[in-house]
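Here is what each chain is made of, one letter per residue.
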Amino acid sequence: MIGLLLTLLSFGGTMRATRRGLGHGLGALLLVGYFYGILRARFADGLSHFMFDGAVAGLYLAILTGRKRQMRLGHDGQVLRLWVRALMVWPLCTMLLSPFFDAQHFFIQLVGLRVAILLLPLMAIGAKMTDEELDSLGTWVLWLNAVAFLFALAQLVIGVEPFFPRNAVTIILYMSNDVGAERALRIPAIFNTAHAYGGTMLVSLPLLVRRWQRLSSTRSRVMTGAVLVASALGIFISATRSPVVQLFVILMLVVLVTGLSLKVLAGVAGLVGVVGVVVLQNPRFQRFLTLENTGYVAERVSWSVNSSLMDVITQHPLGNGLGSAAGTSIPFFLSHLARPQHGLENEFARITMEQGVIGLVMWLCFLGWIFTRLPPRRRGGSLVGERMMWATLLTVWATAFMGTGMLSSIPGTAFVLLWMGVIVGTRRPAPVPQRRPAAPKAPAPQTSIPASAPPGLSEGRA
């Protein structure tokens with residue numbers, strides 16, 4: 001019953017926050033997503049699995065029933081809406097075709113819709129966000145990242161088990177005990193896995209950089225800079241390797257595609273220096289150094305591309321139905337209905353396995369359209385933050401062949417899809433100011449002389 005209560009609270013709270021403002025509604029959605037892992041682990045009654053889904057439903061319902069927003073999307077915004085509709089319709093078509101091949105149980109396919117459809121409208125929502133709404137969302141993310149960092153520090157000191165009891169929900173978490181010689185657990189903070197923690201911190205950085213650049217108050221900039229450092233440290237504390245590599249690639253791309261001033265470069269270098277000093281002081285934060293084994297990395301890349309993606313394309317060109325690939329989060333209470341999933345370490349292979357080659361081609365064409373242009377410079381925005389969003393998205397999609405879960409991570413997927421909409425939204429035309437019509441001039445007073453005026457008045461004499 002607690003899981004049901006949490007789901008209802010997520011739905012109602014997010015809906016109420018969205019009525020207050022879109023930035024607050026998305027912040028409430030992320031609040032549920034951040035605490036989804038730890039609450040689901042502590043209240044593993046099955047219904048807690050749908051907390052985040054309830055929050056998403058509350059967000060959508062508030063937007064659909066609220067006052068319509070009058071905003072020019074421009075050509076790119078209209079094209080994005082068409083892409084979102086197409087990417088949502090095709091998975092439904094695969095469900096209709098599923099009786100013709102050995103697909104998963106109907107309930108498992110419904111769970112697969114969560115990955116394939118549920119969050120895609122966030123791209124259209126992100127394209128309509130204003131600078132003020134992004135500022136509001138940035139404040140939410142600032143405090144959420146700070147709270148996550150405090151939980152991570154506590155788990156470094158007293159361990160993970162006081163926060164995440166051992167049960168059916170936390171099996172994967174306790175299997176990840178490969179940090180250092182002492183075989184310590186990776187740190188999940190308040191998320192369901194360490195990868196969700198590290199990945200969420202990575203994709204949230206552009207919004208914090210945007211906030212840091214737009215603020216004028218010294219106190220607020222210092223606070224934002226401190227949370228930026230804490231968020232970057234969280235990537236290393238989680239002891240996950242992919243987000244660390246992605247972070248280095250993103251920083252290099254930002255330097256290449258953004259004309260950073262010396263002042264901004266000095267600030268970024270200072271933040272990177274602080275993170276580097278802390279990481280070098282603790283061997284537990286240095287698991288990414290195991291990637292020095294180039295033979296292992298080359299072997300994994302080869303397997304992900306050749307033995308994973310190519311095998312799926314040749315053996316399952318029509319796909320095998322939603323929920324058939326590893327990476328789809330199947331609730332433990334439905335596991336008895338699920339047939340063995342195909343173990344894949346490639347997000348594109350997972351898309352192919354579930355939606356066929358047609359689904360893969362649609363996604364590749366869409367991504368090609370997204371990344372053809374950089375976000376332009378716009379008045380009132382943050383060029384560095386918005387181009388960092390572009391660099392982050394390009395990096396996470398370019399490395400998606402090295403693992404699965406990018407489209408099912410909570411709340412990391414919400415960030416990724418929102419940013420895809422935001423960078424398209426920067427291409428919309430600037431609003432044309434409407435000129436007020438000129439007020440009509442008052443007619444000049446005229447003196448009239450009555451026709452029957454007595455003699456003498458026409459000459460002005462009484």
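Residues numbered from 1 in each chain as written. Predicted model: local features only at pLDDT ≥ 70, side-chain atom pairs only at ≥ 80, totals over all residues. Heavy atoms only, no water.

A. Broad picture of the packing of aromatic side chains. In the structure shown here, the tally under the stated rule is eleven aromatic pairs. With a centroid separation of 5.9 Å and an interplanar angle of 75°, the aromatic rings of Trp363 and Phe366 are classed as edge-to-face. Here Trp363 pairs with Phe366, and both are found in helix α14 (residues 347-370), just three residues apart, close to one helical turn. A network of ring pairs unites the aromatic residues Trp83, Phe348, Trp363, Phe366, Trp369 and Trp397 as a single cluster. Directly above the ring of Tyr174 sits Arg166, whose terminal nitrogen or CZ lies 4.1 Å from the centroid. Its end group placed over the ring of Trp212, Arg221 keeps NZ or CZ at 5.0 Å from the ring centre. (Phe/Tyr/Trp six-rings, centres within 6.5 Å; stacked < 30°, edge-to-face > 60°. Helix = DSSP H or I, 4+ residues; strand = E, 2+ residues; numbered from the N terminus. Lys NZ or Arg CZ within 6 Å of the ring centre and 35° of its normal.)

B. Region of the structure containing the environment of Gly412. Note on placement: Gly412 falls in helix α16 (residues 412-425). Looking at Gly412, the relative accessible area reads 7%, which means it is buried. Beyond its immediate stretch of four places on either side in the chain, Gly412 contacts Thr200 and Val203. (Buried < 20%, exposed > 50% of the residue type's maximum accessible area, 1.4 Å probe, protein only. Contact = heavy atoms within 4.5 Å.)

C. Geometry of the confidence of the model for the chain. Per-residue pLDDT for the chain has a mean of 82; in total, 81% of the residues score no lower than 70. Per-residue pLDDT stays below 50 along residues 447-462; that stretch engages in one contact with residues further than four places along the chain or on separate chains. (pLDDT = per-residue confidence, 0-100.)

D. Seen up close, unusual backbone geometry. Across the junction of Ile410 and Pro411, the peptide omega takes the value 0°, indicating a cis bond. Mapped onto the elements, Pro411 comes out in the loop between α15 (383-398) and α16. Despite not being glycine, Ala239 shows a phi value in the positive range, around 65°. Structurally, the position occupied by Ala239 is in the loop between α10 (218-237) and α11 (242-257).

E. Examining the pattern of salt bridges more closely. Taken as a whole and judged by the stated rule, the model has seven salt bridges. The residue Asp135 makes a salt bridge to Arg210 at a minimum N-O spacing of 2.7 Å. Remark: Arg210 occurs in helix α9 (residues 194-214) and Asp135 occurs in helix α7 (residues 131-158); sequence separation between them is 75 residues. The exposure class of Arg210 is buried, given its relative accessible area of 1%. A salt bridge links Arg350 to Glu347, with the shortest nitrogen-to-oxygen separation between them at 2.9 Å. Residue Arg350 and its partner Glu347 are located together in helix α14, separated by three residues, close to a single helical turn. Each member of the pair, Arg350 as well as Glu347, carries the same accessibility label: buried. (Salt bridge = Lys/Arg side-chain N within 4 Å of Asp/Glu carboxyl O.)

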